[in-house]
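# Chain and residue survey
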Amino acid sequence: MIQSLESLNVTALHLRGVAVESLNETLSEALCLPMRKTRLLSQIIYQKTQGYPLFVVEFLDVLLTEKLITHDKDLGWKWDAGAIELKEMSINVAELLSSKLQRLPQNVLYALQVMSCFGSHVDSKIINIVKNNSDIVGPMIIPALQAAQNEGLVDFA
């Protein structure tokens, strides 16, 4: 039975991102650098993400993947602030997820498609059935799902 919207108790939550100072402190700690060295990077990331944690993490992942932030064992962390400023950032969860999926290898995408046919929660018994009974998907299902897990797209319970 569908209730009318007037009869539902709805609470609106207005979420804000973290302050640029907090973002700078977090980046400083994560990169093991003084806050004065991460301040410009933090400001740029804040401009792109408004400080929303999901977007910050995803944007940093893109920057690392595209080697706009790199680590050298002798020189430490390096980044090109100008290139990062030019990097487009979507403030849209669907676009972020779509972008992440497009970067995956075909076998990982295929494994995710197959598993999605079984719903959002797939029992390990189902995975084993697929693994043992499919000549096409079987041999690559476990490594492909592990790759998807490394990308934060699936979680094994």
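Residues numbered from 1 in each chain as written. Predicted model: local features only at pLDDT ≥ 70, side-chain atom pairs only at ≥ 80, totals over all residues. Heavy atoms only, no water.

### Overview of the nonpolar core
Residues Leu41, Ile45, Leu60, Leu63 and Ile84 are the most contacted members of the largest nonpolar core, which totals 18 residues. Those elements that provide at least two residues to this core are helix H1 (20-31), helix H2 (35-49), helix H3 (53-65) and helix H4 (81-86). Examining the composition of this core, we find that 5 residues originate from one element, H3, more than from any other. Not counting residues up to four positions away in its chain, the partners in contact with leucine 41 are Leu27, Leu31, Ile69, Trp79 and Ile84. (Core = buried A, V, L, I, M, F, W, Y, C linked by side-chain atoms within 4.5 Å. Buried < 20%, exposed > 50% of the residue type's maximum accessible area, 1.4 Å probe, protein only. Helix = DSSP H or I, 4+ residues; strand = E, 2+ residues; numbered from the N terminus. Contact = heavy atoms within 4.5 Å.)

### A short note on the pattern of salt bridges
A complete count under the given rule lists 2 salt bridges for this structure. For aspartate 61, the salt bridge is made with arginine 103, and the minimal N-O distance between the two is 3.0 Å. Of this pair, aspartate 61 sits in helix H3 while arginine 103 sits in the loop between helix H5 (93-102) and helix H6 (106-116); the two residues are 42 residues apart in sequence, bridging distant segments of the chain. As a salt-bridge pair, lysine 87 and glutamate 66 come within 3.0 Å of each other at their nearest N and O atoms. One end of the pair, lysine 87, is in the loop between H4 and H5; the other, glutamate 66, is in the loop between H3 and strand E1 (69-72), with 21 residues separating them in the sequence. A residue is classified by how much of its surface remains accessible, and lysine 87, at 21% relative accessible area, is partly exposed. Glutamate 66 sits in the partly exposed class, given a relative accessible area of 39%. (Salt bridge = Lys/Arg side-chain N within 4 Å of Asp/Glu carboxyl O.)

### Things to note about unusual backbone geometry
A positive phi angle is found at cysteine 32, which is not glycine, with a value near 55°. Its identity as a non-glycine residue notwithstanding, glutamine 50 has a phi of 60°, on the positive side. Turning to its location among the elements, glutamine 50 is positioned in the loop between H2 and H3. On the basis of relative accessible area, glutamine 50 is assigned to the partly exposed category, the value being 37%.

### Brief notes about the pairing of strand E2 (residues 76-79)
Two elements, E1 and E2, share 4 bridges in a ladder whose sense is antiparallel. Directly across from isoleucine 69, in E2, lies its bridge partner tryptophan 79. Between E1 and E2, which follow one another and run antiparallel, lie 3 residues. (Pairing = 2+ DSSP bridges.)

### A look at the confidence of the model for the protein
When pLDDT is averaged along the protein, the result is 85; 87% of the residues meet or exceed 70. Taken element by element, the predicted model of the protein shows its lowest mean pLDDT in H5 (77) and its highest in H1 (96). (pLDDT = per-residue confidence, 0-100.)

### Remarks on helix H8 (residues 141-150)
By the burial criterion, the buried members of H8 are Ile141, Ala144, Leu145 and Ala148. Projected onto a plane normal to the axis of H8, the buried residues spread over an arc of 95° and lie on a single side. Elements that come into contact with the buried residues of H8 comprise H6 and helix H7 (124-133). One or two residues past the end of H8 sits glycine 152, with phi positive at roughly 80°. (Arc of directions from axis to C-beta.)

### Observations concerning the packing of H1 against H2
The interhelical angle for the contact between H1 and H2, taken along N-to-C directions, is 125°, at an axis separation of 8 Å. Between H1 and H2, the interaxial angle falls into the category oblique. Seen from above, H1 lies across H2 with right-handed handedness. For the pair H1 and H2, the contacting residues are Val20, Glu21, Leu23, Asn24, Glu25, Leu27, Ser28 and Leu31 in the first and Met35, Thr38, Arg39, Leu41, Ser42, Gln43, Ile45 and Tyr46 in the second. For the contact of H1 with H2, the class distribution of residues is 8 nonpolar, 5 polar and 3 charged. (Axes fitted to C-alpha atoms, helices over the stretch in contact; angles between N-to-C directions. Parallel < 35°, antiparallel > 145°, perpendicular 65-115°, else oblique. Left-handed = near helix turned anticlockwise from the far one by under 90°. Nonpolar A, V, L, I, M, F, W, Y, C, P; charged D, E, K, R; others polar.)

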